[in-house]
Amino acid sequence: MNSSKSPGLAGFGVLKNTTCHTEKKISVFFSIIFMTVGILSNSLAIVILMKAYQRFRQKSKASFLLLASGLVVTDLFGHLINGAIAVFVYASDKDWIRFNQSNILCSVFGICMVFFGLCPLFLGSVMAVERCIGVTKPIFHSTKMTSRHVKMMLTMVCLFAVLIALLPILRFRAYQIQASRTWCFYKTEHVEDWEDRFYLLLFSCLGFLALAISFLCNAVTGITLLRVKFKSQQRQGRSHHFEMIIQLLAIMCVSCICWSPFLVTMARIGITKGRSTETCETILFALRMATWNQILDPWVYILLRKAVLKNLYKITSGCCGVHVINLHMWELSSIKNSLKVAAISESPGSSKQINLQPLGSMGQ
C-alpha cells in the first residue's frame, strides 16, 4: 500500500531510509528558547493591544487593533501548541514508532504547522487591505468596517486556513514525518504523485500571494498618505495612519525575510517532483527562519509605537550627545507663534488681524 495513503505507516519509510544528523541538545535548546520567547513576546503584545483597543474607540483605529490582536493571538497559540509537541518529540527521543502508531500526533502536528503558518500571513494581508480601505475610502470604511465585520473577516480567514490544513486529511493523504524526525508536514522526499506536489505548491503560492497583497496595499496606502501630507490637507488624525502603516511595513518586511526561504524551498521541491537538492539541514534552517516570524511580529507592536519611538529617540540622542535641533526649533517656533497670536488678540482690531493671519503659519 502507498505510504502516503496508509495513516499508520506514514513517514516511517523516511525514518528508515533517510537520516538528518542534528545535534539533540542544540535542537532541544532551539525549541525551548523559541517557544519561551514567543509566548512571552506575544503575551506582552496582547496586553498592549488590548489596552490600546480600550483607549482608542474610533473605528479607524479599533478595526486595525482587532486584526492585530487576532494575529498576535494566532502567533501565541502557534508557539504554544507546536512548541509543546516539538518538546514532547525530543523528550521521547524522536521515537515516533512508539508513540505514533496510529499517526494521530503526526496529523495534528502537520495540521498545526500548516494552519499556524498560513494564518498569520493571511491576517497580515487582511490588515494591509483594511488600512488601504481606511486611507483611500474613509467614508466607506467608517460605515462598513464595523467591529462585527472585522470579527467576521477574522473568522473567515481562520476557517480558510483550517480548510487548507485539513485538505490532505479529507483526501486521505497523511502528513509525513520529516527526515529530521522532529516535525510533520507535507511529503517532501521522493515526491512523485501530483497530489503531493499540489499541496506543496498550494502552500507556497498562498504564502506568496498573501505577501504580494500586503506589498501592493501597503504601497497604495503609503503613497496616498504621502500625497495628503505634501498637500497639507486633512492633517488631523493622520498620525494614527502613519503609525499603523509603519507597523504594517515592518510586519511585511519581517514576513518576507522569515518566510521566503521556506516558501521557496517548498516550491522548489514541488516543481522538481521531489528531486530537489535541498538537504534536511537546509529545510530545518528555513523552518527556523519561519518560526522567527512569530517571535518578531509582536515586537512590531511593542516597539513601533509613537510613544516608545519618541522615548527611544530621546534616549539615543542623549547617549550619543546629539542635540535634537529640529525638535527644539519646532518647539521654539510654535512658542513664538503662540505668543504672537496672543499679543495680536489683545491689541485693538485683533479680530481682523487674526482673520488675516494665514492658517498655515499656525503649525509651522
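Note that the structure is predicted; figures quoted are calculated from it, not measured. (Residues numbered from 1 in each chain as written. Predicted model: local features only at pLDDT ≥ 70, side-chain atom pairs only at ≥ 80, totals over all residues. Heavy atoms only, no water.)

Enquirer: In this structure, what is going on with the overall build of the protein chain? I would like to understand it.
Expert: Along its length, the protein chain carries 13 helices and 2 strands. When burial is assessed residue by residue, the protein chain has 46% of its 364 residues classed as buried. Taking contacts inside the protein chain between residues at least 6 apart in sequence as the whole, the part at least 24 apart equals 79%. Summed over all atoms, the accessible surface of the protein chain reaches about 19,600 Å², with 69% contributed by carbon and sulfur. (Helix = DSSP H or I, 4+ residues; strand = E, 2+ residues; numbered from the N terminus. Buried < 20%, exposed > 50% of the residue type's maximum accessible area, 1.4 Å probe, protein only. Contact = heavy atoms within 4.5 Å. Areas by Shrake-Rupley, 256 points an atom, 1.4 Å probe, with all protein chains shown as cover.)

Enquirer: Looking at this model, I keep getting lost on the state of the cysteines. Mind explaining?
Expert: Two cysteines form a disulfide when their sulfur atoms are joined by a covalent bond. For the structure shown, the criterion picks out 1 disulfide. Disulfide partner of C106: C184, at an S-S distance of 2.3 Å. Taking the torsion about the sulfur-sulfur bond, which here is approximately -125 degrees, the covalent link between C106 and C184 counts as left-handed. Taken as a pair, C106 in helix α5 (residues 104-136) and C184 in strand β2 (residues 184-185) lie far apart in primary sequence, 78 residues in all. The thiol of C258 is unpaired, and the distance to the nearest cysteine sulfur, on C256, comes to 9.6 Å. Taking relative accessible area as the criterion, C258 reaches 4% and is therefore assigned buried. (Disulfide = S-S within 2.5 Å.)

Enquirer: Mind showing me how you'd approach the UniProt feature "transmembrane region" (unreviewed entry) in the protein chain here?
Expert: Mapped onto the present numbering, the UniProt feature "transmembrane region" (unreviewed entry) falls on residues 26-50, 62-90, 102-129, 150-170, 198-226 and 246-271. In residues 102-129, helix accounts for 93% and strand for 0%; the two terminal C-alpha atoms are 42 Å from one another. Along residues 246-271, the helical share is 100% and the strand share 0%, with 36 Å between the first and last C-alpha atoms. (UniProt positions renumbered as here; feature names shortened; annotations may be inferred.)

Enquirer: Got a minute to help me understand the nonpolar core in this structure?
Expert: Within soluble globular proteins, side chains that are nonpolar tend to cluster in buried spots. Core analysis: the largest hydrophobic core is formed by 74 residues, its most contacted members being F185 and F262. Counting residues per element, the ones that place at least two in this core are α2 (24-55), α3 (59-91), α5, α7 (147-170), β2, α8 (194-231), α9 (238-271) and α10 (280-303). It is α5 that contributes the most residues to this core, 15 residues altogether. For F262, the contacting residues outside a window of four places in its chain are W183, F185, F203, A286, L287 and A290. (Core = buried A, V, L, I, M, F, W, Y, C linked by side-chain atoms within 4.5 Å.)

Enquirer: Which parts of the structure should I look at to understand the packing of α7 against α8?
Expert: Between two packed helices, the angle of one axis relative to the other and the distance separating the axes together describe the packing. At their nearest, the axes of α7 and α8 sit 10 Å apart, and the two run at 165 degrees to each other. As summarised for this structure, α7 and α8 are arranged roughly antiparallel, according to the angle between their axes. The crossing of α7 and α8 is left-handed. Between α7, through F160, I164, L167 and P168, and α8, the contact on the second element is made entirely by F198, Y199, L202 and L206. Here the contact of α7 with α8 is composed, by residue class, of 8 nonpolar, no polar and no charged. (Axes fitted to C-alpha atoms, helices over the stretch in contact; angles between N-to-C directions. Parallel < 35°, antiparallel > 145°, perpendicular 65-115°, else oblique. Left-handed = near helix turned anticlockwise from the far one by under 90°. Nonpolar A, V, L, I, M, F, W, Y, C, P; charged D, E, K, R; others polar.)

Enquirer: Any chance you could explain the environment of L287 here in plain terms?
Expert: Mapping L287 onto the fold places it in helix α10. Given a relative accessible area of 14%, L287 falls into the buried group. Here the alpha-carbon distance between L287 and L263, two residues 24 residues apart in the chain, equals 9.5 Å. Once residues within four sequence positions are removed from consideration, L287 is found in contact with M113, W183 and F262.

Enquirer: Please explain the environment of R131 as it appears in this structure.
Expert: Mapped onto the elements, R131 comes out in helix α5. Judged by its relative accessible area of 1%, R131 falls in the buried class. As a C-alpha pair, R131 and I245 span 114 residues in sequence and 7.6 Å in three-dimensional space.

Enquirer: Can you walk me through α10 in this structure?
Expert: Two residues of an α-helix separated by three or four positions point the same way, owing to the 3.6 residues in each turn. When the terminal C-alpha atoms of α10 are compared, their 35 Å separation across 24 residues agrees well with the 34 Å that a helix rising 1.5 Å per residue should span. The axis of α10 is deflected most strongly, by about 30 degrees, at I295, and proline P298 appears within four residues downstream. (Expected span 1.5 Å × (residues − 1). Bend = angle between axes of the 7 residues up to and from the residue.)

Enquirer: Whenever I open this one, the pattern of salt bridges confuses me. Can you help?
Expert: A pair can form between side chains of opposite charge whenever their charged atoms are brought close. Here the structure, examined in full by the defined rule, presents 6 salt bridges. Residues R98 and D95 are paired through a salt bridge, measuring 3.4 Å at the closest nitrogen-oxygen approach. Residue classification places D95 among the partly exposed residues on the basis of a relative accessible area of 28%. Overlapping salt bridges bring together R171, R173, D193, E195 and D196 as one network. (Salt bridge = Lys/Arg side-chain N within 4 Å of Asp/Glu carboxyl O.)

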